[in-house]
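# Observations on the model geometry
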Amino acid sequence: SLLALAWLVHFAPLRIFSQRAKVSSARLNPEISIEMDSECKKEMEAMKEASIPLPVEDAEEEDEFRDENAKNRGQWGAKLDFMLSMLGYCVGLGNVWRFPYLCYRNGGGAFLIPYLLFLTFAGIPLFMMEMSFGQYGSLGPLTIWKACPVFKGIGYGMVVVSGLVCIYYNVIIAWTLHFLFSSFTSELPWASCNNPWNTDNCTMAANHSALEENATRISPTQEYWNIRVLGISSGIDETGGIQWELALCLLGAWVVVFFCLIKGVKSSGKVVYFTATFPYIMLIVLFLRGVTLEGAGKGLLYYLTPDFSRLGDSQVWYDAASQIFYSLGIAFGGTQVMASYNKFHNNTHRDS
């Protein structure tokens, strides 16, 4: 899959460049007749429709065209807006939740070997190619593939996948808001078994002896999540009712997204100054709190101790390869879209 994606992303720009070279030769050397086949002509027309500028005789004319196109479409207000947006986009739940789990499951520190290999030889090159392609065309994932119509399905796939990701990410944000609001109490509602939703099987970790050995033991945290928050029914045949608190939290999450994007990159570029930096502050606080707990050193040592025998399992390499897409956000279309609002002469190599 990685090789196929690299070939697809790499092929289209090369095709555009080759056709642009033919047109440039014809303009600069009128006495030389270059016969362009019907396929080439169609691609040139597609480039015009997609607003991808054709070769011009001097750089100033091309810069004027691109500047005018950028004004109509919009650009980042500052370089830092783009960098923080990319940072917030790439570093998300895939890094905070998924990566530690995969690292623990696949040999601890040994998992870093296949991960770093895929990151170096697949992730970063794909990231740079997607960013360069978006910045070159200054278009979204649907219209930019008019430059090579045979691959326009990639653009539709990016939009569909991004839409699905937005839906379930907002659900996770709704859960987060629910727990945030529920924590503004003197006693956390999931810290004890003395709540109306708790069952007889609820037991604290220190009171396991209070129940019979063959009884089902459920922690108050699990009961709060399953019964109070989600309201899980007895089976698929019972749909249950609407969890209005979760519904309002989900509505609030979508409202926040709306106001963040109401003015495009002009508004989202300012919001990321908080959304891209605040999570790191919280992670640092939680890390400092965690390492000061009793037994933290033993836990970190157990977690990171490499088990090199796991490298012989193909599943470990598969997990490392798939994690690259979650770590960098490549092939989802977001990198291409955000790079399309850059200035044409922005240094994508340095940004990558």
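As the structure is a prediction and not an experimental result, all values here were calculated from the model.

Conventions used here
- Residues numbered from 1 in each chain as written.
- Predicted model: local features only at pLDDT ≥ 70, side-chain atom pairs only at ≥ 80, totals over all residues.
- Heavy atoms only, no water.
- Salt bridge = Lys/Arg side-chain N within 4 Å of Asp/Glu carboxyl O.
- Helix = DSSP H or I, 4+ residues; strand = E, 2+ residues; numbered from the N terminus.
- Buried < 20%, exposed > 50% of the residue type's maximum accessible area, 1.4 Å probe, protein only.
- Axes fitted to C-alpha atoms, helices over the stretch in contact; angles between N-to-C directions.
- Parallel < 35°, antiparallel > 145°, perpendicular 65-115°, else oblique.
- Contact = heavy atoms within 4.5 Å.
- Nonpolar A, V, L, I, M, F, W, Y, C, P; charged D, E, K, R; others polar.
- Polar contact = N/O pair within 3.5 Å; in protein donor to acceptor, adjacent residues only side chain to side chain.
- Patch = residues over 30% accessible without salt bridge, like charges linked within 9 Å, V, L, I, M, F, W, Y side chains within 5 Å.
- Areas by Shrake-Rupley, 256 points an atom, 1.4 Å probe, with all protein chains shown as cover.
- pLDDT = per-residue confidence, 0-100.
- Expected span 1.5 Å × (residues − 1).
- Disulfide = S-S within 2.5 Å.
- Phe/Tyr/Trp six-rings, centres within 6.5 Å; stacked < 30°, edge-to-face > 60°.
- Lys NZ or Arg CZ within 6 Å of the ring centre and 35° of its normal.

Turning our attention to the pattern of salt bridges. Scanning the entire structure with this criterion turns up five salt bridges. Across the pair Asp-81 and Lys-270 runs a salt bridge whose closest N-O atoms are separated by 3.3 Å. Of the two residues, Asp-81 is situated in helix α4 (residues 79-90) and Lys-270 in helix α10 (residues 265-275); the sequence distance between them amounts to 189 residues. On the basis of relative accessible area, Lys-270 is assigned to the partly exposed category, the value being 47%.

When two helices pack together, you describe them by how their axes are tilted relative to each other and by the distance separating the axes. Running from amino to carboxyl end, helix α5 (residues 93-105) crosses helix α13 (residues 314-328) at an angle of 170°, the nearest separation of the two axes being 11 Å. As the angle between them shows, α5 and α13 are arranged roughly antiparallel. Of the residues in α13, those touching α5 at Gly-94, Asn-95, Arg-98, Phe-99, Leu-102 and Arg-105 are Gln-315, Asp-319, Ser-322, Gln-323, Tyr-326 and Ser-327. Within the contact of α5 with α13, the residues separate by chemical class into three nonpolar, six polar and three charged.

Attention now moves to the side chain of Asp-319. Position of Asp-319 relative to the elements: it lies in helix α13. Among the residues examined, Asp-319 registers a relative accessible area of 3% and is labelled buried. Polar contacts involving the side chain of Asp-319 include one to the side chain of Arg-105, which spans 2.5 Å. Not counting residues within four places of it along the chain, the set of residues in contact with Asp-319 comprises Arg-98, Leu-102, Arg-105, Asn-106 and Phe-111.

Before going further, it helps to spend a moment on a nonpolar patch on the surface. Taken together, the side chains of Leu-248, Leu-251, Val-255, Phe-258, Phe-259 and Ile-262 define a hydrophobic patch exposed on the protein surface, amounting to about 620 Å² of accessible area. Judged by relative accessible area, which is 53%, Phe-259 ranks as exposed.

Of note, Ala-331 is situated in the loop between α13 and α14 (334-339). Given the relative accessible area of 25%, Ala-331 is considered partly exposed. With 173 residues separating them in the primary sequence, Ala-331 and Met-158 have C-alpha atoms 6.9 Å apart.

This next bit is on unusual backbone geometry. Positive phi, close to 55°, is recorded for Ser-138, a residue that is not glycine. Here Ser-138 lies in the loop between α6 (112-137) and α7 (152-182). Although it is not a glycine, Ala-331 sits at a positive phi angle of roughly 70°.

Right, let's talk about the side chain of His-178 for a bit. Examined against the element boundaries, His-178 turns out to sit in helix α7. Side-chain polar atoms of His-178 contact the side chain of Glu-245, separated by 3.1 Å. Among all residues touching His-178, those that are not within four sequence positions of it are Tyr-224, Arg-228, Val-229, Glu-245, Leu-246 and Cys-249.

Our next topic: the confidence of the model for the protein. Close inspection of predicted coordinates is inappropriate for parts of the model with low pLDDT. In the predicted model, the protein carries a mean pLDDT of 80, and the fraction of residues at 70 or more is 77%. Least confident of the elements in the protein is helix α1 (residues 2-28), whose mean pLDDT is 45; most confident is helix α9 (residues 244-261), at 94.

An ideal rise of 1.5 Å per residue puts 21 Å on 15 residues; α13 measures up with 22 Å between its terminal C-alpha atoms. Turning to α13, its buried residues number three or more, namely Val-316, Asp-319, Ala-320, Ala-321, Ser-322, Gln-323, Ile-324, Phe-325, Ser-327 and Leu-328. Between the side-chain oxygen at the start of α13 and the backbone nitrogen of Gln-315 there is a gap of 3.1 Å, and the oxygen is on Asp-313. Looking one or two residues past α13, Gly-329 carries a phi angle of roughly 70°, positive in sign.

Taken as a whole and assessed by the stated rule, the structure comprises one disulfide. The disulfide partner of Cys-193 is Cys-202, and the S-S distance across this bridge is 2.1 Å. Judged by the sign of its S-S torsion, about -75°, the bond between Cys-193 and Cys-202 is left-handed. Cys-193 sits in the partly exposed class, given a relative accessible area of 22%. On the basis of relative accessibility, which here comes to 10%, the residue Cys-202 falls in the buried class.

Summed over the entire model, instances satisfying the criterion amount to 20 aromatic pairs. Both rings, one in Trp-190 and one in Tyr-224, keep their centres 5.3 Å apart while their planes meet at 50°; by these two values the pair is tilted. Of the two residues, Trp-190 is situated in the loop between α7 and α8 (220-229) and Tyr-224 in helix α8; the sequence distance between them amounts to 34 residues. Take Tyr-224: its relative accessible area is 1%, and that puts it in the buried class. Grouped by ring-pair contacts, the aromatic residues Trp-175, Phe-179, Trp-190, Trp-197, Tyr-224 and Trp-225 constitute a single cluster. Against the face of Trp-197 rests Arg-228, its NZ or CZ located 5.6 Å from the ring centre.

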